[in-house]
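Here is how the chains run, residue by residue.
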Amino acid sequence: MKSCSGKTVPPPPLPLEHPSAMSQPIEHQFNPYSDNGGTILGIAGEDFAVLAGDTRHTTDYSINSRSESKVFDVGDGIVISANGFAADSTALVKRFRNSLKWYHFNENEKRLSLSAAARNIQHLLYGKRFFPYYVHTIIAGLDEEGKGAVYSFDPVGSYEREQCRAGGAAASLIMPFLDNQVNFKNQYVPGTGEKRPITYLSVEEVVKLVRDSFTSATERHIHVGDGLEILIVTKDGVRREYHELKRD
Amino acid sequence: MNHDPYSWGRPSDETYGQYSDAIAHAPSFPKMNTQQPIVTGTSVISMKYNNGVIIAADHLGSYGSLLRFTDIERLFPVGKNTVVGISGDISDMQHIEALLEELETENNYDNSHADDEESLQPSYVFEYLATVMYQRRSKMNPLWNALIVAGVEDSKPFLKYVNLLGVTYSSPTLATGFGAHLAVPLLRRVVDRESDVEKTDMQTATDTILQAMKVLYYRDARSSRKFSMAIIDNDQGLVFNKELEVENMKWNFAKDIKGYGTQKV
Amino acid sequence: MFRNNYDGDTVTFSPTGRLFQVEYALEAIKQGSVTVGLRSSKYACLVALKRNADELSSYQKKIIKCDDHVGLSLAGLAPDARVLSNFVRQHCNYSKLVYNRELSMEKIGYLLSDKAQKNTQSYGGRPYGVGLLLVGYDKSGPHLIEFQPSGNILELYGAAIGARSQGSRTYLERVMDDFLPVEDATELIKQGVEALRQSLKDETLSVKNLSIAIVGEDLPFTVYDGEAVQPYL
């Protein structure tokens, strides 16, 4: 150690209490989180939006349940899913449902817009910034103009409106496929150097993409499978589709 | 006077003794009194059948590898059509038992229909326990248990799980701990999906649970021969058998096991 | 001039054993516009007459939803009713969150009773100046409960509180045997509206001043206001 005068000062001696000087207790820390697998996927169309999730619930290599829903219709044309640590997911959805209930009480049964729901969820998430909800959250519905909308959140509340987003265990498997098939990334008009122009997909095309995404994710990811639940939001309300996935 | 600027502003060693820099070496986290399970109960197993649910757990309280307590009941009836099965720390289990007794007392106290229309239902008991479990984990002071709530509600079987993290899930077959690995595959051979529940009668379900308890006694070193089994049937109500034992075991393979005991290989 | 010495607070009895503040609170109910409640074997229903302070003002809200299975109507001080309805909302909410259970009407009654009673026995406060009719549907069927600032709660088949409510009560007593077995929600509402008419003086019922609510087994608490009440006029 050098002092300002350039003279070398010896380092201070280790105090008697220094950890290396005594036997340290082995600290066994409780881990308040776990990973419960599963994956979710939201895609917005021109006048509809879908939010899908598999129904497998896991811890480590065990399948806890083959039929645990994680995408919910909370009313007002809003569907929500929070994927990751299941207890936080349950808690977050419960809190959002409650928030919506009191919004109706206080605002004379006014319908909650999707953008307002998104901002509210940011506050729920950020409110636990220093002990976060360990989830990837996606909501879907229609915006104020009736156009399909998907909002996605990180665990502490950063959020963005997007055309599509995959979350959870197999997000990294599905997202590049979506970039290519929904936003036509890396697609070019044959013969020219021009990018393929973005067009809206029909609800039938979107459901096909969702089903393909999940069958493929099921093949490659052990925490994805058993069942696929798709919630489809249109101006007429929320419709539910269920498809079997491989159970191995 | 020490003219070295490095020493300026420090308490003089002559007066105060050598400066202690222990604080600079303090661990980055304060010491935490996080608990660990001490005396533990092993698996609870359960499954649905076409007219109710069955749940079973053995009578052992283990202190590490010591089979410390041999007559501990881990199935707790709540109301007329709910049974809570608890594995994990036994003292935390007894705390939960107290909470459940309080829940029942409160319900009887302020409800004139407490034993019919407004009786405690499995879903009420479950939601309460799940709330307690999640609150405790969020305070970093968990109840070190995994619970299964089994019962009949609105004439339909009810089965749901919650653990020390507040993680909850439901399935037609459920087990905690070792049972999740050893018993669930056996139970799922009979009831794999919700639609299989309709095809399974009480006898089949009982046989399946008994077989699973036998396998657990064979392979789980922290299990006991004595166990309890509760059946919550939509028509018969609660049938609680506390005097069961694993029967018809075959140990003749044991003589062929070599290499662990005193015998020469 | 005569001055009552025993009505300054709620903690002092008069020599005749009365709590004047509580009695005055009961009087406050009669200042409010009338509201009627009645129940059959299947449904419970509220009907209320809304008042406006003058031609330029809007009509005072009379019916408040507390949960999917319970709501109330008020007569008396509306701000006090907001405090009480919020209290019921929060307890219903808590019960649903922690126990996945809809609060029973019996328990709601006792919660309100306990809350109101505290005010009649603590210095520096005043009793609530509002009467409530609570209707709800729980595991033991439809219920109608009357709440008074004294902390009294009564379960009833039919009730009316507020200005000139005696007319409605007399009517309900007379037709009780007719509406008790009613299986049709619309039919019950019609009886309620007819009962309300018995308490009118100069007013005539219109889409502006009539408010209706109904709750039943597979019918969550629903309020009808404005054009929605037209069929019942």
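Cut-offs and rules
Residues numbered from 1 in each chain as written. Chains lettered and ligands numbered in written order. Predicted model: local features only at pLDDT ≥ 70, side-chain atom pairs only at ≥ 80, totals over all residues. Heavy atoms only, no water. UniProt positions renumbered as here; feature names shortened; annotations may be inferred. Buried < 20%, exposed > 50% of the residue type's maximum accessible area, 1.4 Å probe, protein only. Helix = DSSP H or I, 4+ residues; strand = E, 2+ residues; numbered from the N terminus. Pairing = 2+ DSSP bridges. Contact = heavy atoms within 4.5 Å. Buried area = accessible area lost by both parts, 1.4 Å probe. Salt bridge = Lys/Arg side-chain N within 4 Å of Asp/Glu carboxyl O. Polar contact = N/O pair within 3.5 Å; in protein donor to acceptor, adjacent residues only side chain to side chain. Nonpolar A, V, L, I, M, F, W, Y, C, P; charged D, E, K, R; others polar. Axes fitted to C-alpha atoms, helices over the stretch in contact; angles between N-to-C directions. Parallel < 35°, antiparallel > 145°, perpendicular 65-115°, else oblique. Left-handed = near helix turned anticlockwise from the far one by under 90°.

An unreviewed UniProt entry annotates chain B as Proteasome subunit beta originating from Huiozyma naganishii. The annotation that UniProt attaches to chain B under Function (unreviewed entry) is "Non-catalytic component of the proteasome."

As annotated in an unreviewed UniProt entry, chain A carries the name Proteasome alpha-type subunits domain-containing protein and is attributed to Huiozyma naganishii. Word for word, the UniProt comment on chain A under Subcellular location (unreviewed entry) is "Nucleus".

Colleague: Outline the pairing of strand β6 (residues 78–84) of chain A, listing residues and values.
Modeller: The side chains of a regular strand alternate between the sheet's two faces. Residues and elements named next belong to chain A. With 7 of its 7 residues buried, β6 lies for the most part within the structure. Alignment of strand β5 (residues 71–75) against β6, held across 4 bridges, turns out to be antiparallel. Across the sheet, Asp73 pairs through a bridge with Val79, a residue of β6. Taking the residues that link successive antiparallel strands as the turn, the β5-β6 hairpin has 2 residues, and the phi of Asp76 there is positive, at about 60 degrees. Alignment of β6 against strand β7 (residues 135–142), held across 6 bridges, turns out to be antiparallel. By the bridge assignment, Ser81 is partnered in β7 with Ile138.

Colleague: Now, about the interface of chain B and chain C: what can you tell me, with residues and values included?
Modeller: Between chain B and chain C, the contact holds 17 residues from the first and 11 residues from the second. Both sides of the chain B and chain C interface together cover about 1,300 Å² of buried area, and 45% of this is carbon and sulfur. Of all residues in chain B, Asp110, Glu118 and Tyr124 of chain B bury the most surface against chain C, accounting for 40% of the area lost on that side. Across the chain B-chain C interface, the total number found is 2 salt bridges. Across the salt bridge formed by Arg101 of chain C and Glu118 of chain B, the nearest N and O atoms sit 3.2 Å from each other. Where chain B touches chain C, the interface holds 5 residue pairs in polar contact (both at pLDDT 80 or more). Contributing elements (two or more residues each) for the side of chain B that touches chain C: α2 (90–109) and α3 (122–138) of chain B. No other element matches the 5 residues that α3 of chain B contributes to the side of chain B that touches chain C. Within the side of chain B that touches chain C, the residues separate by chemical class into 4 nonpolar, 8 polar and 5 charged.

Colleague: Quick one: what's the story with the packing of helix α4 (residues 178–190) of chain B against helix α6 (residues 202–219) of chain B, residue by residue and with numbers?
Modeller: Residue and element names in this part refer to chain B. Where α4 contacts α6, the two axes come as close as 10 Å, and the packing angle between them is 150 degrees. As summarised for this structure, α4 and α6 are arranged roughly antiparallel, according to the angle between their axes. Of the two possible hands of crossing, α4 and α6 adopt the one that is right-handed. From α4, Phe178, Gly179, Leu182, Ala183, Leu186, Leu187 and Val190 reach across to α6, where they touch Thr204, Thr208, Ile209, Ala212, Val215, Leu216 and Arg219.

Colleague: Account for the pairing of strand β13 (residues 237–245) of chain B, with residues named and values stated.
Modeller: All names here are of chain B. Here strand β12 (residues 226–233) runs beside β13; their pairing, made up of 7 bridges, is antiparallel. When the sheet's bridge partners are listed, Lys226 is paired in β13 with Glu245. Here β12 folds back onto β13 in antiparallel fashion, the turn holding 3 residues.

Colleague: So what's going on with the pattern of salt bridges? Which residues, and what values?
Modeller: A side chain of one charge can pair with a side chain of the opposite charge when the charged atoms of the two come close. Per the stated rule, a full pass over the model turns up 31 salt bridges over all chains. Close ionic contact of Lys199 of chain B with Asp196 of chain B constitutes a salt bridge, the shortest N to O distance being 3.3 Å. Lys199 of chain B sits in the exposed class, given a relative accessible area of 66%. With a relative accessible area of 15%, Asp196 of chain B lands in the buried category. In this structure, the salt-bridge partner of Arg39 of chain C is Glu155 of chain C, at a minimum N-O distance of 3.8 Å. Note that Arg39 of chain C is positioned in strand β1 (residues 35–39) and Glu155 of chain C in strand β7 (residues 153–155), a separation of 116 residues in sequence. Judged by its relative accessible area of 16%, Arg39 of chain C is buried.

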